[in-house]
Amino acid sequence: MIRLGFLSRWGGGSAAVLAFLLTIMCVPETLMAAGTPVPGYSGWTYLDSGGSTWYFYDNYSRFSYNNSTDKWYAYDQYGKKWQTLSAAGASSSYIFDGKAHDLINGWKYVYSNSAQTGNWARTDTGAARFAYNFATGRWYDYDPYGGPTWRLLSSGGRSGYFLGNGALNDLGNGWKLVYGYTADTGNWARSDTGAARFAYNFTNGLWSHYNPYGSPWLTLSSSGQSAAFVGGGTLNYIGNSWMFVYGYAGDTGNWARSYTGAARFAFQYGTGQWFDYGTAWTKLGSTKNSSSFIGDGAWHQVSTYWEFSYDCILVVGAIMEYGNWRRHSDQALRFMYDYRSISGRWWQRSAHDSSWQAVTDLYQSSSFIGDGQPHSTLYTYDNGVWTYTYNVSTDSAVWSANGFAFQYTYGSGQWDWEGGNWSSWMLGTALGSGFIGDSAQHDLKNGWTFDFGIYSLEYGNWEAGGSFIRGGNERFLLLSSFTSGGTNIQYWNARDDIPCGMGGFSDVGTTWLWDGGIHGANSGEWRFKYDYANDELAFYAQVPGTPSASSATSFLRYSWGTHAWYDRLAIAFSTWGHIAVGDDTNPEIWRTYFDGSTFSTGAPGSGEHIWIDVTYTGPSETITKDSAPGQRWVYTYGDGTWKYFDGTYWTTLATGVDPNWAR
């Protein structure tokens, strides 16, 4: 049936004509033998009425030409109205003759009878842009780089109102389109929210996407790309080694590597949230970020504290993909994630590292390791796993396992070991970030090497210890354990080349044993001082009533250089080199027993021992030597007196002599 609508301007006409038009508007759409056949154009008829010529195809309204304004119109059977096709002054030549007609509005028009489709091309360049199928009501746009070919642009049954007229048009598929003639660009917005999303420049074949949290439009593809709509829900190659697919329901754009098809990044336009894909999708940064593509190799600020960049290196037979994180405040490079399917590992570094240091095991999530939450690492301890927690405000990280912990400060390169106060147990500064508790030896750059591990001990329920090595030989062991009440305590131990130990440090203090100061326990107990220059360890007995460490009296000292014990008069009384009691049958066991009274000075199994006694109720300091059961010699340093005890009676042997007199 013929269905005619009123033109916005009729240009005059008689009452009879108006009556006729009103009549045919109410008759069935197939008005047989309507009008006069157009000579040479099968299926076309025309009717002159009201100052216009009306053209019908197979008795359906199709075009009209206003003879006074010289304007063409096309009938929109889905919009139920006549749509303006040309500006005034257009030629009256049959617009359906298959030839190009200048519409005097920047466009040329070609109509195909066989396809029942009108095609628009720009007048300035002659480049085809849009097409409309009158039968199905579908719009198409021309793809200059993807074939070239025509691409479906709308759903069926859409209005014939021209898409290139600069107005926003609903495409019926969840999208609206507006075309900018000057820029030769089509812009798509969501129909539900009206939010702009994508744009395509037909001249250079460049896709852009809308940035809701920054500069409005940002480049999405390289130039010369197909006009196939990137928001259509299918995977599109966008150049620069990337493919893109848009998820309408989630309002999310997804990027995948074109070489492998591996998903890598996603952006949620509504929230401004980036995601990356390692072993699963995880958030990358905070919300309200720019949609500027995070995988373009440049640095992008993704949160208040962090910036992100992506590297892809193509080598023979492999693709290397890395995500890099640096602090926004000081631009310090801090973390890297390896996206490769054979890796999936987090790495760290500081200015004190010569290379990246591994943090996690393989095949781990790309969930950001610097988010302030504990993350499992590749290092194990006592059937457990060390966790890593980064603090962005202090630029430091804590490694924890079963109650034990280390801290690394990236700026200074300082490693600390938990001792109730982080600064209490500084291991060293200007050190690399590689985990210092990995049971390997680490140079502390202060004359010592550190090795943390689990040690089998003769006495006590000790598990974890840090061994301090000098010149390849272990010197000290700082043991750390948790009591049944959950209290963390530490004890110092010393050892010689023949592994022995020294315990009794009930108060380890707040500084290292070898700092040149006197360390030890509370008043009335043994104190210790290490002389680094001479590689000697001095033992102090505190004088009664003088609790300060500085008032302690030096009593014994041990030299690693000579493997000899010396008394306060610098007289050597043992050259065996033990620093503890014990049978020394297992050189791998650290000896921790030392009750402030005994040192072994004889060879293992010899039965010879020196008994060191300190009497705190008087000024007497004594040294006792056993040579046979029931016999004992005692030397008092105060008056240089040797006494002998036969098991029943004491006998004074000499007075005013040195400790070696009895030997």
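Just so it is clear, the model here is predicted, and its values are computed rather than measured.

With respect to the helices and strands, Ser86 occurs in the loop between strand S6 (81-84) and strand S7 (101-102). Residue Ser86 is classed as buried on the basis of its relative accessible area, which comes to 2%. Of the polar contacts made by the side chain of Ser86, one reaches the backbone nitrogen of Trp72; its length is 2.8 Å. The residues contacting Ser86, other than those within four sequence positions of it, are Asp70, Lys71, Trp72, Leu103 and Asn105.

Counted under the stated rule, the structure contains two cavities of 30 Å³ or more. Lining the second largest cavity are Trp72, Ala90, Ser91, Ile95, His101, Asp102 and Leu103. For the lining of the second largest cavity, a count of residues per class yields four nonpolar, two polar and one charged.

This next bit is on the layout of surface pockets. Taken as a whole, the largest pocket holds about 250 Å³ of empty space. Those elements that provide at least two residues to the lining of the largest pocket are strand S18 (217-219), strand S19 (236-239) and strand S26 (306-315). Sorting elements by how many residues they give to the lining of the largest pocket places S26 first, with four residues. A per-class count over the lining of the largest pocket returns nine nonpolar, eight polar and three charged.

A separate point is the pattern of salt bridges. Counted by the stated rule, this structure contains 16 salt bridges. Salt-bridge contacts for Arg122 lead to Asp184; the nearest nitrogen and oxygen are separated by 3.5 Å. Of this pair, Arg122 sits in strand S9 (residues 117-122) while Asp184 sits in the loop between strand S14 (175-180) and strand S15 (185-190), and the two are 62 residues apart along the sequence. Of the charged contacts, one joins Arg129 and Asp184 as a salt bridge, the two residues approaching to 2.6 Å between their closest N and O atoms. In this pair, Arg129 sits in strand S10 (residues 128-133) while Asp184 sits in the loop between S14 and S15, placing the two residues 55 residues apart along the sequence. Just as Arg129 is buried, Asp184 falls in that class too.

Below, the discussion takes up the packing of aromatic side chains. The relation between two aromatic rings is expressed through the spacing of the ring centres and the mutual angle of the planes. Summed over the entire model, instances satisfying the criterion amount to 103 aromatic pairs. Residues Trp54 and Trp82 carry aromatic rings whose centres are separated by 5.3 Å and whose planes lie at 65° to one another, so their mutual orientation is edge-to-face. With Trp54 in strand S3 (residues 52-57) and Trp82 in strand S6, this pair connects stretches of sequence that are 28 residues apart. For the pair formed by Trp54 and Trp82, the shared burial category is buried. It is Arg190 that lies over the ring of Tyr248; its NZ or CZ is 3.8 Å from the centre.

Across the six residues that make up strand S16 (residues 196-201), a large majority, five, are buried. As paired elements, S15 and S16 share five bridges and run antiparallel to each other. When the bridges of S16 are listed, Ala189 appears paired with Ala196. Taken together, S15 and the strand that follows it, S16, pair antiparallel across an intervening segment of five residues, in which Gly194 is found at a positive phi of about 75°. Alignment of S16 against strand S17 (residues 206-210), held across four bridges, turns out to be antiparallel.

Moving on, we come to unusual backbone geometry. The omega torsion of the bond from Gly147 to Pro148 falls at -10°, within 30 degrees of zero and hence cis. For Pro148, the position within the fold is in the loop between strand S11 (138-143) and strand S12 (149-152). You will see that Gln331, though not glycine, has its phi angle at about 60°, which is positive. Inspection of the secondary structure puts Gln331 in the loop between strand S27 (318-327) and strand S28 (333-338).

Checked against the element boundaries, Trp175 lands in strand S14. By relative accessible area, which is 3% here, Trp175 ends up buried. Between the C-alpha atoms of Trp175 and Ser154, which are 21 residues apart in sequence, the distance is 8.4 Å. If near-sequence neighbours (up to four positions away) are discounted, Trp175 is found in contact with Asn169, Asp170, Trp188, Ala189, Arg190, Ser191, Arg197, Phe198, Phe229, Gly231, Tyr246 and Tyr248.

Here we come to the nonpolar core. One finds Phe63, Phe198, Trp255 and Phe265 to be the most contacted residues of the largest nonpolar core, which totals 92 residues. The next biggest cluster of nonpolar side chains, apart from the first, holds five residues, and it includes Trp54, Tyr73, Tyr75 and Trp82.

The next thing to look at is the environment of Phe56. For Phe56, the location among the structural elements is in strand S3. The sequence separation of Phe56 and Gly43 amounts to 13 residues, and the corresponding C-alpha distance is 8.0 Å.

What counts, and where the lines are drawn
Residues numbered from 1 in each chain as written. Predicted model: local features only at pLDDT ≥ 70, side-chain atom pairs only at ≥ 80, totals over all residues. Heavy atoms only, no water. Helix = DSSP H or I, 4+ residues; strand = E, 2+ residues; numbered from the N terminus. Buried < 20%, exposed > 50% of the residue type's maximum accessible area, 1.4 Å probe, protein only. Polar contact = N/O pair within 3.5 Å; in protein donor to acceptor, adjacent residues only side chain to side chain. Contact = heavy atoms within 4.5 Å. 1 Å grid on protein atoms, 1.4 Å probe; cavity = no way out; pocket = protein on both sides within 12 Å on 5 of 7 lines; lining within 4 Å. Points joined across faces, edges and corners; volume = space filled by probe spheres on them. Nonpolar A, V, L, I, M, F, W, Y, C, P; charged D, E, K, R; others polar. Salt bridge = Lys/Arg side-chain N within 4 Å of Asp/Glu carboxyl O. Phe/Tyr/Trp six-rings, centres within 6.5 Å; stacked < 30°, edge-to-face > 60°. Lys NZ or Arg CZ within 6 Å of the ring centre and 35° of its normal. Pairing = 2+ DSSP bridges. Core = buried A, V, L, I, M, F, W, Y, C linked by side-chain atoms within 4.5 Å.

Shape descriptors only; they carry no functional weight alone.
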